[in-house]
Amino acid sequence: MLVLYRCALKDLNTRMEILLDDFNNRQENNPIEHIKHRVKSYEAIAEKLHRRNHPVTAESARANLSDIAGLRCICSYAKDIFFIAEVFKRQPDMKVLNEKNYVTEPKPSGYRSYHLILEVPVYLTDSVHHIPVEIQIRTQAMDFWASLEHKIRYKYKQGMPQHLAEGLRQCAVQIYDLDERMYKIQELIDIAY
Ligand code: 0O2
């Protein structure tokens, strides 16, 4: 089953790389800093199904999980996030299954990111499969916060102590402020040159 998810991810990754080439060709400011992708491990799939009280089977994973294949696109500035999301939403052979804007509406934890679940067509020798892939689009600063918060949260299986959660929320606010200040500096440079 995971072969199909790997194929869908390859397709989406190639589309991202084509965009990168296109930006470089046009000699425009490249909004993409880097791209990461992964197929969830069997263990992580089983753990998530179990945690959500779903049967731990391949069929159940297909039906209940939309992030078996995941791609993360790291952008320079927050405004680039919406631009990249629109570029993908416009591609006519993919369907948007779900969209979550945690950039302007962060989660209570402080988490900011834009999530798109896209259905990617995978053409095999004798069949076509429509496979969901989760794209997370965020800035480097948002990514820095999310990966550290994820590691810290993982350590506290029974729930993070309140003071740490509050500390992380404050860091998320400061990080968003930093993103905006860096963008303002970039705008000044754009005006000057
Ligand atoms: P992991 O270990 O990263 O895979 P869904 O997962 O779509 O069925 P949910 O939780 O409503 O259900 O989706 P949502 O909110 O879009 O979150 C999906 C993923 O976003 C999570 O996957 C995390 O990777 C990331 N995420 C969401 N909230 C937070 C947060 O508060 N902190 C951090 N660091 N990451 C977050 P998983 O499966 O929960 O985890």
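Because the structure is a prediction, the values reported are computed rather than measured.

J.: What is the right way to read the overall build of the protein chain from this model?
T.: A tally of helices and strands in the protein chain yields six helices and five strands. Reading the secondary structure of the protein chain in the N-to-C direction produces α-β-α-α-β-α-β-β-β-α-α. With the C-alpha coordinates of the protein chain rotated into their principal frame, the extents come out at 55 × 50 × 20 Å. For the protein chain, buried positions account for 40% of its 193 residues. A total accessible area of about 11,900 Å² is found for the protein chain, and carbon and sulfur atoms account for 54% of it.

J.: Quick question: what am I supposed to make of empty space enclosed by the protein here?
T.: A probe as big as a water molecule, rolled over the atoms, marks out the empty space that is left. Taken as a whole, this structure holds one cavity of 30 Å³ or more when the rule is applied. By volume, the largest cavity amounts to about 60 Å³. Those elements giving two or more residues to the lining of the largest cavity turn out to be α5 (140-155) and α6 (162-192).

J.: Sorry if this is basic, but what is going on with the site of the ligand here?
T.: Around the ligand sit 16 residues, and of these Lys 40, Lys 48, Tyr 102, Lys 107 and Ser 109 come closest. Between the ligand and the protein, one listed contact pairs an oxygen atom with a side-chain N or O atom of Lys 107 at 2.7 Å. In isolation the ligand has 720 Å² of accessible area, and contact with the protein removes 75% of it. Listing elements by their share of the shell around the ligand, those giving two or more residues are β5 (128-139) and α5. Residue composition of the shell around the ligand, grouped by class: three nonpolar, four polar and nine charged.

J.: Help me out: how do you make sense of the side chain of Gln 91 in this one?
T.: Take Gln 91: it is sitting in the loop between α4 (78-89) and β3 (95-101). For Gln 91, a relative accessible area of 19% gives the class buried. Looking at Gln 91, its side chain comes within polar contact range of the side chain of Arg 15, at 2.8 Å.

J.: Please clarify how helix α2 (residues 42-51) should be interpreted in this entry.
T.: Every α-helix winds through 3.6 residues per turn, so residues three or four apart in the chain are directed the same way. Here α2 has its buried residues at Ile 45, Lys 48 and Leu 49. Buried residues in α2, looked at end-on, bunch into an arc of 100 degrees, giving them a common side. Opposite the buried face of α2, at more than 90 degrees from it, the exposed residues are Glu 43, His 50 and Arg 51. The inward-facing, buried residues of α2 abut α1 (2-26) and α3 (58-64). Phi turns positive one or two residues past the end of α2, at Asn 53, with a value near 60 degrees.

J.: Explain the pattern of salt bridges to me, please; I cannot follow it from the model alone.
T.: Proximity of charged atoms lets side chains of opposite charge pair with each other. Counted under the stated rule, the structure contains 15 salt bridges. Note that Lys 79 and Asp 80 form a salt bridge whose closest N and O atoms lie 2.9 Å from each other. Judged by relative accessible area, which is 46%, Lys 79 ranks as partly exposed. For Asp 80, a relative accessible area of 6% puts it in the buried group. The salt bridge partner of Arg 138 is Asp 143, with a shortest N-O separation of 3.1 Å. Judged by relative accessible area, which is 3%, Arg 138 ranks as buried. Asp 143 sits in the buried class, given a relative accessible area of 8%. Members of the salt-bridge network, linked through shared partners, are Asp 11, Arg 15 and Asp 93.

The rules behind each value
- Residues numbered from 1 in each chain as written.
- Predicted model: local features only at pLDDT ≥ 70, side-chain atom pairs only at ≥ 80, totals over all residues.
- Heavy atoms only, no water.
- Helix = DSSP H or I, 4+ residues; strand = E, 2+ residues; numbered from the N terminus.
- Buried < 20%, exposed > 50% of the residue type's maximum accessible area, 1.4 Å probe, protein only.
- Areas by Shrake-Rupley, 256 points an atom, 1.4 Å probe, with all protein chains shown as cover.
- 1 Å grid on protein atoms, 1.4 Å probe; cavity = no way out; pocket = protein on both sides within 12 Å on 5 of 7 lines; lining within 4 Å.
- Points joined across faces, edges and corners; volume = space filled by probe spheres on them.
- Near = heavy atom within 4 Å.
- Polar contact = N/O pair within 3.5 Å; in protein donor to acceptor, adjacent residues only side chain to side chain.
- Nonpolar A, V, L, I, M, F, W, Y, C, P; charged D, E, K, R; others polar.
- Arc of directions from axis to C-beta.
- Contact = heavy atoms within 4.5 Å.
- Salt bridge = Lys/Arg side-chain N within 4 Å of Asp/Glu carboxyl O.

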